[in-house]
Amino acid sequence: MVDDAGTLHRAVALVVPPMARHRLLATAGLRTFFVEPHCAFADQLRERCGAGVTVAADLGGLDEDDVRRATARPSSELDPRLLAAMDTRVDQRVSMPALAAGVGLSPQRLRALAREQLGMPLGRWQVWQRLGRAAAALRAGESLAGAAIAGGFADQAHFTRQLREMMGLTPSAVLPALRSSPAARDVDRDRAGDR
């Protein structure tokens, strides 16, 4: 991985915090896990990592099931008002003033709290959530256009732009990995049981 300063990082496991610019280099056997910023595992990662790419060799053996279990518990460190705002914003288009008023904060304080505790603005977090819903739809066999709609994007082009901007990848580059993941095999097994 190359960070924004051009420094090459090589290790069995690397942790990249939200909004840290980086570029993945093609490597055989590369596994990438995106950890939700509002889970207990993210709390642990924030404690041990800095603002840039951090070597975490002890995490090298994690697989998809390990990460799923590790991220199941909600964060105990995030401000409850921020969590309430995130719950409201995840599926709704609410203005920042209305969102902040709903949780008893000023818009400026809510913005600052999101940056301090999540490492990203709430708007970026909301895009992250939409990308997650679109990825789940792709994993379940939806077309790119169907996944874009499931994720709440205006269209397939909007979905593609956001994915490229957030992760440096296109949906067609991500699709083979999503469809071959253990979660996708679980969906296939469930569908077979329905027949």
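As the structure is a prediction and not an experimental result, all values here were calculated from the model.

Asker: What is the right way to read the overall build of the chain from this model?
Answerer: For the chain, the count of helices and strands is 10 helices and 4 strands. Ordered by position in the sequence, the α and β elements of the chain form the string β-β-β-α-β-α-α-α-α-α-α-α-α-α. Computed over its C-alpha atoms, the radius of gyration of the chain comes to 18 Å, within 12% of the 16 Å expected for a compact globule of 195 residues. In terms of overall dimensions, the chain has a C-alpha envelope of 50 × 40 × 30 Å along the principal axes. Counting only residues that meet the buried cut, the chain has 36% of its 195 residues in that class. Taking contacts inside the chain between residues at least 6 apart in sequence as the whole, the part at least 24 apart equals 61%. On the chain, the mean spot of the 26 positive side-chain charges and the mean spot of the 22 negative ones are 5 Å from each other.

Asker: Please explain the nonpolar core as it appears in this structure.
Answerer: Among soluble globular proteins, nonpolar side chains are generally buried collectively. Judged by nonpolar contacts, the single largest core of 18 residues is most densely connected at L82, L99, L110, L118, L122 and W125. Residue assignment for this core shows that the elements contributing at least two residues are helix 3 (80-89), helix 4 (96-102), helix 5 (107-118) and helix 6 (122-139). At 4 residues, helix 5 tops the list of elements feeding residues into this core. What W125 contacts, discounting residues up to four positions off in sequence, is E36, P37, H38, M86, V90, L118 and M120. Counting 13 residues, the second largest nonpolar core, distinct from the first, contains A135, L163, V174 and L178.

Asker: Quick question: what am I supposed to make of the confidence of the model for the chain here?
Answerer: Detailed conclusions should not be drawn from predicted coordinates in areas where pLDDT is low. Scored by pLDDT, the chain has a mean of 84; 91% of the residues are at 70 or more. Scored below 50 in pLDDT, residues 184-195 shows 7 contacts in the model against residues more than four places distant or in partner chains.

Asker: Before we go on, may I ask you to explain the packing of helix 6 against helix 7 (residues 144-151) in this structure?
Answerer: In a pair of packed helices, the angle between the axes and the distance between the axes together describe the arrangement. Two elements in contact, helix 6 and helix 7, have axes separated by 7 Å at closest approach and are oriented at 140°. Judged by the twist between their axes, the crossing of helix 6 over helix 7 is right-handed. On the side of helix 6, the interface is formed by R130, R133, A134, A137 and L138, while helix 7 contributes L144, A147, A150 and G151. Each residue belonging to the contact of helix 6 with helix 7 can be placed in one class, and the counts come to 6 nonpolar, 1 polar and 2 charged.

Asker: What am I meant to see in the pattern of salt bridges here?
Answerer: Opposite charge on two side chains lets them pair, provided their charged atoms get close. Enumeration according to the criterion identifies 9 salt bridges in this entry. Salt bridges linked by common partners bring E64, D65 and R68 together as one network.

Asker: Quick question: what am I supposed to make of the environment of P74 here?
Answerer: Mapped onto the elements, P74 comes out in the loop between helix 2 (64-70) and helix 3. Taking the C-alpha atoms as reference points, P74 and G132, 58 residues apart in sequence, are found 17 Å from one another.

Asker: Hey, could you run me through the packing of aromatic side chains in this one?
Answerer: In total, this model carries 2 aromatic pairs according to the counting rule given. Arranged with centres 5.4 Å apart and planes meeting at 35°, the rings of F153 and F159 form a pair that is tilted. Taken individually, F153 and F159 each receive the classification buried, so the pair is uniform in this respect.

Asker: Before we go on, may I ask you to explain unusual backbone geometry in this structure?
Answerer: Backbone geometry at M19 places phi at a positive 70°, although glycine is not the residue there. With respect to the helices and strands, the residue M19 is situated in the loop between strand 2 (14-15) and strand 3 (22-23). M19 sits in the partly exposed class, given a relative accessible area of 47%.

Asker: Could you clarify how one ought to interpret the side chain of R130 in this entry?
Answerer: Here R130 is to be found in helix 6. Among all residues touching R130, those that are not within four sequence positions of it are R93, G151, G152 and F153.

Asker: Is there a simple way to explain the environment of L122 in this structure?
Answerer: Mapped onto the fold, L122 is located in helix 6. Expressed as a C-alpha distance, the spacing of L122 and V90, which sit 32 residues apart in the sequence, is 9.4 Å. Leave out the neighbours within four places in its chain, and L122 touches L82, A85, M86, R89, M96, L99, L110 and A114.

Cut-offs applied
- Residue numbers here run from 1 along each chain, matching the order of that chain's written sequence.
- Where local features are concerned, this predicted model is filtered to residues with pLDDT of at least 70; where side-chain atom pairs are given and counted, the filter is 80 or more; whole-chain, interface and lining totals use all residues.
- The basis for every side-chain value is the complete set of non-hydrogen atoms in the structure, without hydrogens or water.
- Segments assigned H or I by DSSP are reported as helices when at least four residues long, segments assigned E as strands when at least two residues long, and all are numbered from the N terminus.
- Radius of gyration means the value over C-alpha atoms here, while the globule rule gives 2.2 Å times the residue count to the 0.38 power.
- When accessible area is computed with a 1.4 Å probe and restricted to protein chains, residues below 20% of their type maximum are described as buried, those above 50% as exposed, and intermediate ones as partly exposed.
- Should any heavy atoms of two residues lie within 4.5 Å, those residues are counted as being in contact.
- Charge convention: Lys and Arg are scored as positive, Asp and Glu as negative, and His as well as the terminal groups of each chain are ignored.
- Each charge is placed at NZ for Lys, CZ for Arg, CG for Asp and CD for Glu.
- Take the buried Ala, Val, Leu, Ile, Met, Phe, Trp, Tyr and Cys residues and link them wherever side-chain atoms come within 4.5 Å; each set so joined is a nonpolar core.
- What pLDDT expresses is the predictor's confidence in each residue, scored from 0 to 100.
- Note on definitions: angles span 0 to 180 degrees between N-to-C directions of axes, and those axes are lines fitted to C-alpha atoms, for helices only across the stretch in contact.
- Crossing chirality is assigned from the near helix's rotation relative to the far helix, an anticlockwise turn below a right angle marking it left-handed and a clockwise turn marking it right-handed.
- Three classes are used, and their members are as follows: Ala, Val, Leu, Ile, Met, Phe, Trp, Tyr, Cys and Pro are nonpolar, Asp, Glu, Lys and Arg are charged, and the others, Gly among them, are polar.
- Salt bridge, as used here: a side-chain nitrogen of Lys or Arg that lies within 4 Å of a carboxyl oxygen of Asp or Glu.
- Each aromatic pair joins two rings of Phe, Tyr and Trp (for Trp, the six-membered one) with centres within 6.5 Å, and gets the label stacked for planes under 30 degrees apart, edge-to-face for over 60, and tilted for any other angle.

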